[in-house]
Amino acid sequence: VQLVESGGGLVQPGGSLRLSCAASGFTFSTYAMNWYRQAPGKGRELVAGIISDGGNTNYADSVKGRFTISRDNAKNTVYLQMNSLKPEDTAVYYCNARRSVLRNYWGQGTQVTVSS
């Protein structure tokens, strides 16, 4: 099983980034996909989630209206479009695939830094 995140980097406040997570080694279309983040000195928090068929999404209150999660089951990829970025969005962002307690996989993370 592999989850490989990409698209992180340094961006100014108000800017945008699009994270991607390419999945392999499992049946992607049967898993819910999530993006988590962890800022320095803080716990890991759920940012956004999308169910297996893409029909339902959920977001942390702190990112509602600014972030959009989507998935392409034909490409085994999940995305996180991040707009109007704020310094408090600075964190390592992790891709997560979950189907059950035992079928729960993580990527290695990608750094997002929002700073002027």
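The following refers to the structure shown. (Residues numbered from 1 in each chain as written. Predicted model: local features only at pLDDT ≥ 70, side-chain atom pairs only at ≥ 80, totals over all residues. Heavy atoms only, no water.)

Looking now at the side chain of Arg66. By secondary structure assignment, the location of Arg66 is in the loop between strand 6 (57-59) and strand 7 (67-72). According to the relative accessible area criterion, Arg66 is buried, its value standing at 11%. Residue contacts for Arg66: discarding those within four places in its chain leaves Gln81, Met82, Asn83, Ser84, Leu85, Lys86 and Asp89. (Helix = DSSP H or I, 4+ residues; strand = E, 2+ residues; numbered from the N terminus. Buried < 20%, exposed > 50% of the residue type's maximum accessible area, 1.4 Å probe, protein only. Contact = heavy atoms within 4.5 Å.)

What we call a disulfide is simply a covalent bond connecting the sulfur atoms of a pair of cysteines. Taken as a whole, this structure holds one disulfide when the rule is applied. For Cys21, the disulfide goes to Cys95, at an S-S distance of 2.1 Å. Here Cys21 and Cys95 share a disulfide; its torsion about the S-S bond, -80°, makes the bridge left-handed. Separated by 74 residues along the polypeptide, Cys21 in strand 3 (residues 17-24) and Cys95 in strand 9 (residues 91-98) bring together distant segments of the chain. Judged by relative accessible area, Cys95 falls into the buried class, the value being 0%. (Disulfide = S-S within 2.5 Å.)

Let us now look at the side chain of Thr77. Along the chain, Thr77 falls in strand 8 (residues 77-82). The buried category is assigned to Thr77, whose relative accessible area is 9%. Polar contacts involving the side chain of Thr77 include one to the main-chain carbonyl oxygen of Lys75, which spans 2.8 Å. The contacts of Thr77, once residues within four sequence positions are left out, are Ser20, Cys21, Ala22, Phe28, Arg71 and Asp72. (Polar contact = N/O pair within 3.5 Å; in protein donor to acceptor, adjacent residues only side chain to side chain.)

Keep in mind that most residues, glycine aside, have a negative phi and that most peptide bonds are trans. Phi at Asn76 is positive, roughly 55°, even though this residue is not glycine. As for its position among the elements, Asn76 is in the loop between strand 7 and strand 8. The exposure class of Asn76 is partly exposed, given its relative accessible area of 26%. Of note in the backbone geometry, Ser84 takes a positive phi value of approximately 50° without being a glycine. Along the chain, Ser84 falls in the loop between strand 8 and strand 9.

Within the element layout of this structure, Leu80 appears in strand 8. Along the sequence, Leu80 and Gly9 sit 71 residues apart, while their C-alpha atoms lie 14 Å from each other. Ignoring sequence-local partners within four residues, the contact set of Leu80 consists of Leu17, Arg18, Leu19, Trp35, Val47, Ala48, Phe67, Thr68, Ile69 and Tyr93.

Moving on, we come to the environment of Thr110. Locating Thr110 in the fold gives a position in strand 11 (residues 110-114). Ignoring sequence-local partners within four residues, the contact set of Thr110 consists of Glu5, Gly8, Leu19, Ala91, Val92 and Tyr93. Within the structure, the side chain of Thr110 is placed 3.4 Å from the backbone nitrogen of Gly8, a separation counted as a polar contact.

If you walk across this open sheet you meet the four strands as 1-3-8-7, and the pairing is antiparallel. Two strands lie at the open edges of the sheet, namely strand 1 (2-6) and strand 7, each paired on one side alone. With direction set aside, neighbouring strand axes in the sheet form an average angle of 15°. Where strand 3 meets strand 8, six bridges bridge the pair, whose relative direction is antiparallel. Bridge pairing in strand 8 links Ser20 to Tyr79. (Pairing = 2+ DSSP bridges. Axes fitted to C-alpha atoms, helices over the stretch in contact; angles between N-to-C directions.)

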